[in-house]
Each structure stands twice: as C-alpha cells, then as structure tokens.
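Summary of the model geometry
Residue-level listing of the chains:
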Amino acid sequence: MHLRADCAALALGGLIGITSPAAAAPIGELRVCADPNNLPFSNSAEAGFENRLASMVADALGRSLSHTWWAQRRGFIRNTLKAEKCDVVMGLPSGYDLAETTKPYYRSTYVFVSRQDAHLDLSSLLDPRLHRLAIGVHLVGDDGNNPPPAQALGELGIVDNVRGYSIYGDYRKADPPARLIEAVEHGEIDVAAAWGPLAGYFAGLSGVPLTVTPIQDGERFAPQQFQFAISMGVRKGDHALRDQLNVFIDEHRSEIAALLRSYGVPLIDAPVTASGGHE
C-alpha cells in the first residue's frame, strides 16, 4: 500500500487489469515487478527496502533475482504481474483483490509530519489547530480514491487550508511522492499527513529535524482506514510461490523488521479483535 504509499495502498487500490500471455519464468529465477523511481520502496538502483527484501527472498529460495520495471500507477498489475512478466510484487495491501497475497510482513499507518522547531506535536485529526495550519496531503486523482487523510479532512470541512500534492508527480524527477515531505522541510506547509513508510524515510533525509507522529484517531472516520497490513503478492492461483513466501516471512520476521526500521518505516502491531486474537 504501497501502497504508492498506500501510496500506495492507495494508488494500488484503484488498479484494474486483464491477463495477457507471456513466457514462463526461467527455472531458478525470482522475477519481481517494481517501480524504478519510488523510494523508499524501490528504484532502478535497487536501493529501496522492497529491493533489498526481494534480494533476501531470492537468496533464501536459492534463486537468481530479476526485475521488471514499471511505474506503479494505474495499469501496474495489468502490465506486470497479470501479463506474466514477473511473478511477485513485494508490497501490496493484504487481501488486495487483483493478486494472491501472502500473510502480512509489516503493518504501518498514516502519520503527521512537521518541523521539530514548530513544536506542533500533532496526533489527532480533531486537533482544532488543523483549521488554521497549512496542511499538505497526497492526491491520487479525481475519482474519489484519494488517501484517507484527504478524505477525512474534507469530512471535517478542512478544505481551504489544504494543499494537494500529486502522488504521481513529475516522474522525470526522483521519487515524486517525496515532494510532500520536502514541502514541510522547506516551510511551504506546516504539516503533512502521509503514508508512514514514505514519511519516515524522507523525514530522515531532511536537512532540518522533522517530527513523525502516527495519526491516532483514524477509526473515527470509518470505513476509511489509516493503518494497513502489507504483504507480497503473486498471481492468483500461484499457491506454491505464495506458500514459499509465507515460509520466508515466518522464518525471517526479525530480519524484515530490522530492514524496515533502517528505512524509518513506522511499524505498528496488528489490532486485537473482540475475540482476543489479532487481525
């Protein structure tokens, strides 16, 4: 989700696709579909945490690793996984209906990002200061599929002081979604509401100290979700690869968590259900 940050769970939530024929994967190869320009998730230099995770998986399975690069936006799954140009996507919302997803390997949340020297310490969408602060949010498009913070702020009537930053942005520049966090750094806006993995990573690269705080009251805006479990995805029906990936996830949870933390990803526990179990 990733999301492009829901960005994924988010832009990915609107993808549609059809199947097209392609050659089967060579034996012993793990073929991964990824965006070549979307840190902290992936890029063509293989510097993202999903790139590093793919390398870990390939090593564990004793396979060589190859990538199919495609911009992660509308048509991504249709043109990659469904077209059989690759066999796995490293980050999809758990239960994503266009793919067969593994068990989650992390869970994260939307966050507020502000400059430390502003001392805002925001954590609630109901904070009255949001009516006067300059707020930045990611926008996916005009089809009603914008990320949860944008929709929640609209429900609260907080509109005039909200500035939208396209999740797709100018693809000629590195990592287009980063412009939202850079706007906080440069003082163009007071606070950003963004998907945690993207926010945490670029806040860590900022030239001025930024504060990253999980949004605490997203459940008030149900059915909007602010927390997402993220899985790997394979083609529907590819149970063999899904099961291999599930074993990898179970056996390497501590290494995966350490990798994610090294990229500044805010990790949260799965909420406890009424039965006492976890989602």
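What you are looking at is a predicted structure, and each value in this text was computed from that prediction instead of being measured.

**Let's talk about unusual backbone geometry**
The omega torsion across Leu 39 and Pro 40 is 10°, close enough to zero to call that bond cis. The residue after Ala 222, namely Pro 223, is reached through a cis peptide bond having omega 10°. Considering the arrangement of structural elements, one finds Pro 223 in the loop between strand S13 (210–214) and strand S14 (227–234). The residue Glu 84 is not glycine, and still its phi comes out positive at about 60°. Counting through the fold element by element, Glu 84 comes out in the loop between helix H2 (76–79) and strand S7 (88–93). Phi at Asp 121 is positive, roughly 50°, even though this residue is not glycine. Within the secondary structure, Asp 121 sits in the loop between strand S9 (106–115) and strand S10 (135–139).

**Examining the nonpolar core**
Buried together is how nonpolar side chains tend to be arranged in soluble globular proteins. Core analysis: the largest hydrophobic core is formed by 62 residues, its most contacted members being Leu 130, Ile 181 and Met 232. With residues near it in sequence (within four places) discarded, Met 232 still touches Leu 53, Val 57, Val 88, Val 89, Met 90, Glu 100, Thr 101, Thr 102, Tyr 105, Leu 245, Phe 248 and Ile 249. Membership of the second largest hydrophobic core comes to 10 residues, among which are Cys 33, Leu 81, Cys 86 and Ala 99.

**What to know about the packing of aromatic side chains**
All chains considered together, the criterion is met by 10 aromatic pairs. On the basis of an interplanar angle of 85° and a centroid distance of 6.1 Å, the ring pair of Phe 49 and Tyr 106 is categorised as edge-to-face. Here Tyr 106 lies in strand S9 and Phe 49 lies in helix H1 (residues 49–61), a separation of 57 residues in the sequence. Cluster of aromatic residues (ring-pair linked, three or more members): Phe 41, Phe 49, Tyr 105, Tyr 106, Tyr 201, Phe 202 and Tyr 263. Between the NZ or CZ atom of Arg 73 and the centre of the ring of Tyr 171, over which it lies, the distance is 5.1 Å.

**Observations concerning the confidence of the model for the protein**
Of all residues in the protein, 86% attain a pLDDT of 70 or more, and the chain-wide mean is 88. Scored below 50 in pLDDT, residues 3–26 shows 89 contacts in the model against residues more than four places distant or in partner chains. Note on residues 272–279: pLDDT is under 50 here. Beyond four places in sequence and across chains, it has 10 contacts.

**Considerations on the pattern of salt bridges**
Under the criterion given, the structure shown has 11 salt bridges. Note that Asp 87 and Arg 31 form a salt bridge whose closest N and O atoms lie 2.9 Å from each other. Of this pair, Asp 87 sits in the loop between H2 and S7 while Arg 31 sits in strand S3 (residues 29–34), and the two are 56 residues apart along the sequence. Asp 87 gets classed as buried once you look at its relative accessible area, which sits at 8%. With a relative accessible area of 9%, Arg 31 lands in the buried category. Where Asp 127 meets Arg 129, a salt bridge forms, and the shortest distance between an N and an O atom there is 2.9 Å. Given a relative accessible area of 15%, Asp 127 falls into the buried group. It is possible to trace a salt-bridge network through shared partners that takes in Arg 31, Asp 87 and Arg 235.

**Overview of the environment of Leu 122**
With respect to the helices and strands, the residue Leu 122 is situated in the loop between S9 and S10. Here the alpha-carbon distance between Leu 122 and Gln 216, two residues 94 residues apart in the chain, equals 9.5 Å. Excluding residues that lie within four positions of it along the chain, Leu 122 makes contacts with Phe 112, Asp 127, Arg 129, Leu 130, Leu 133, Val 191 and Thr 213.

**Quick notes on the packing of H1 against helix H6 (residues 239–251)**
Close contact between H1 and H6 brings their axes to 11 Å; oriented N to C, the two are set at 105°. Relative to H6, the element H1 lies roughly perpendicular. Of the residues in H6, those touching H1 at Leu 53, Met 56, Val 57, Ala 60 and Leu 61 are Gln 244, Leu 245 and Phe 248. Split into classes, the residues belonging to the contact of H1 with H6 amount to 7 nonpolar, 1 polar and no charged.

What counts, and at which threshold
- Residues numbered from 1 in each chain as written.
- Predicted model: local features only at pLDDT ≥ 70, side-chain atom pairs only at ≥ 80, totals over all residues.
- Heavy atoms only, no water.
- Helix = DSSP H or I, 4+ residues; strand = E, 2+ residues; numbered from the N terminus.
- Core = buried A, V, L, I, M, F, W, Y, C linked by side-chain atoms within 4.5 Å.
- Buried < 20%, exposed > 50% of the residue type's maximum accessible area, 1.4 Å probe, protein only.
- Contact = heavy atoms within 4.5 Å.
- Phe/Tyr/Trp six-rings, centres within 6.5 Å; stacked < 30°, edge-to-face > 60°.
- Lys NZ or Arg CZ within 6 Å of the ring centre and 35° of its normal.
- pLDDT = per-residue confidence, 0-100.
- Salt bridge = Lys/Arg side-chain N within 4 Å of Asp/Glu carboxyl O.
- Axes fitted to C-alpha atoms, helices over the stretch in contact; angles between N-to-C directions.
- Parallel < 35°, antiparallel > 145°, perpendicular 65-115°, else oblique.
- Nonpolar A, V, L, I, M, F, W, Y, C, P; charged D, E, K, R; others polar.

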